[in-house]
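In case you want the letters, here they are:
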Amino acid sequence: MKNFRMSVVGLLGVTLLVTGFTGVQTAAAHEAPQGGKAPLRALAERADLRIGTAVDMAALGEDTTYRRTTGREFNSVTAENVMKWEVVEPARGTYDWSGADALVRFARDRGQVVRGHTLVWHSQLPGWLTAGVADGSIGAGELRGILRKHVTTEVKRYKGRIQQWDVVNEVFEEDGSLRNSIWLQKLGPSYIADAFRWAHAADPKAKLFLNDYNVEGVNAKSTAYYELAKRLRAEDVPVQGFGIQGHLAIQYGFPGDVAGNLARFERLGMQTAFTEVDVRMILPADAEKLATQATYFRGLLDACLGARSCKSFTVWGFTDKYSWVPGVFAGQGAATLLGEDFGRKPAYGAVREGLAEGR
Ligand code: G3I
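Residues numbered from 1 in each chain as written. Predicted model: local features only at pLDDT ≥ 70, side-chain atom pairs only at ≥ 80, totals over all residues. Heavy atoms only, no water.

Around the ligand lies a shell of 14 residues, among which E80, N81, K84, H117 and E276 are the nearest. Contacts to the ligand include N81, whose side-chain N or O atom sits 2.9 Å from an oxygen atom. Between the ligand and E170 there is a distance of 2.9 Å, counted from a nitrogen atom to a side-chain nitrogen or oxygen. Considering the ligand on its own, with 790 Å² of exposed area, one finds that the protein chains cover 47% of that surface. Residue classes in the shell around the ligand are distributed as 3 nonpolar, 7 polar and 4 charged. (Near = heavy atom within 4 Å. Polar contact = N/O pair within 3.5 Å; in protein donor to acceptor, adjacent residues only side chain to side chain. Areas by Shrake-Rupley, 256 points an atom, 1.4 Å probe, with all protein chains shown as cover. Nonpolar A, V, L, I, M, F, W, Y, C, P; charged D, E, K, R; others polar.)

Counting buried residues along strand β4 (residues 164-169), 6 of its 6 residues qualify, which places the element largely inside the surrounding structure. As judged from the 4 bridges shared by strand β3 (residues 113-120) and β4, these two strands associate in the parallel manner. By the bridge assignment, G116 is partnered in β4 with W165. Here β4 pairs with strand β5 (residues 207-212) via 5 bridges, running parallel. When the bridges of β5 are listed, W165 appears paired with L208. (Buried < 20%, exposed > 50% of the residue type's maximum accessible area, 1.4 Å probe, protein only. Helix = DSSP H or I, 4+ residues; strand = E, 2+ residues; numbered from the N terminus. Pairing = 2+ DSSP bridges.)

What follows deals with the pattern of salt bridges. By the definition in use, this model includes 17 salt bridges. Residues K321 and D63 are paired through a salt bridge, measuring 2.9 Å at the closest nitrogen-oxygen approach. In this pair, K321 is assigned in the loop between β9 (310-315) and α14 (325-328) and D63 in the loop between α3 (57-62) and α4 (64-73), connecting sequence segments 258 residues apart. D63 gets classed as buried once you look at its relative accessible area, which sits at 9%. With its nearest N and O atoms 3.2 Å apart, the salt bridge here joins R108 to D109. One continuous salt-bridge network, built from bridges that share partners, spans R298, D302, E353 and E357. (Salt bridge = Lys/Arg side-chain N within 4 Å of Asp/Glu carboxyl O.)

Here we come to the nonpolar core. Grouped together as the largest cluster of nonpolar side chains are 106 residues, with contacts concentrated most on L129, W183, F274 and F313. At 9 residues, the largest contribution of residues to this core is made by helix α13 (residues 287-305). If sequence neighbours within four positions are ignored, W183 has contacts with W85, V120, W121, H122, L125, L129, L143, L147, G188 and Y191. (Core = buried A, V, L, I, M, F, W, Y, C linked by side-chain atoms within 4.5 Å. Contact = heavy atoms within 4.5 Å.)

Scored by pLDDT, the protein has a mean of 92; 90% of the residues are at 70 or more. Here residues 1-22 is modelled with pLDDT under 50, and outside its nearest four sequence neighbours on either side it reaches 49 contacts, counting other chains as well. Taken as a whole, residues 27-36 scores under 50 in pLDDT and shows 20 contacts with residues more than four places along the chain or in a different chain. (pLDDT = per-residue confidence, 0-100.)

Here helix α11 (residues 220-234) crosses helix α12 (residues 258-267) at 10°, and the two axes come no closer than 10 Å. Classified by the angle their axes make, α11 and α12 are roughly parallel. Judged by residue contacts, S222, T223, Y225, Y226 and A229 of α11 engage N261, R264 and F265 from α12. In the contact of α11 with α12, the residues fall into 4 nonpolar, 3 polar and 1 charged. (Axes fitted to C-alpha atoms, helices over the stretch in contact; angles between N-to-C directions. Parallel < 35°, antiparallel > 145°, perpendicular 65-115°, else oblique.)

Put into structure tokens, the structure is as follows:
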């Protein structure tokens, strides 16, 4: 187990210039991440790992440094928003695949794989759907047909071009009970197995994942996933992977027994992946917090590299410039590998070193 083997002292040795309340400026701003040594993806390939990032399509379109870095550093991409239901079917029967198509093309041109995110979720549903369920104009029978059509249509469209799909996202509460979403309320728990079967029928080669946050270590929620996965697989439901989002915060400590958690899913014959890693902190950032953050990134990466089942490690954005964190957690941020100016933070060095050391 290689967790935390990088020394904090070593991290503090990285020259930093921390400025401002909202973000981090880095000394390496002008040379990184274009200059110097091999990019993350080159190191990851040697370690038999896909290193990925969530992609903000607006940033990809208008920020050339963002675009160049996405192509240079990563060999896997995930749509941060453009494959979600509210984006792809804003009006019933009217589809907008422009963002998703653009990402899949971008990836193909750069030899990257794509993680599909996400088919069944309680959030970012289109207004026509939630309104129809709320006013009773869409009943349970119709809702099941709508969900089946959504899953089938989206998976078929990208058949052969998506390596891993997050089929159901965030279906459990923290205590391990099923989330009281419209899916559970109207369709009952069988919607989960149905979604996997529909996705598998649409693209038999894509690896199909469960995905959630706060399931890094062994706890009530991750145990609920373990029991669910065991049951589904015993029933021959095509679920092949467990996705651990990895949204951490240094003020809450590093999760317990990540390696043990990965190992139990591996024993079920499943793949595992870290799918949305970022590590936020209470602002302002300082050298000590950034050093701690680096050990958290490294801890998750080492857990992945230490597990045969874990071949994909994705960060939820790579620059603080476009991170979702400050918009949702007031007073928190600096959660990614690069500063707002794209300069490398200690976390970048930690991930780089971890990849270079390999499995
Ligand atoms: O695109 C619209 C824009 O047209 C509109 O003017 C603007 C006004 O609010 O909203 C824009 O949409 C926003 C979208 O991000 C794109 O920027 C949504 O409001 C905003 O809610 C949405 O937030 C996303 C969030 O999921 C939604 O729940 C974040 O970017 C995204 O990082 C986040 O990702 C989730 C994963 O999918 C699942 N796991 C947790 C993770 C973090 O919350």
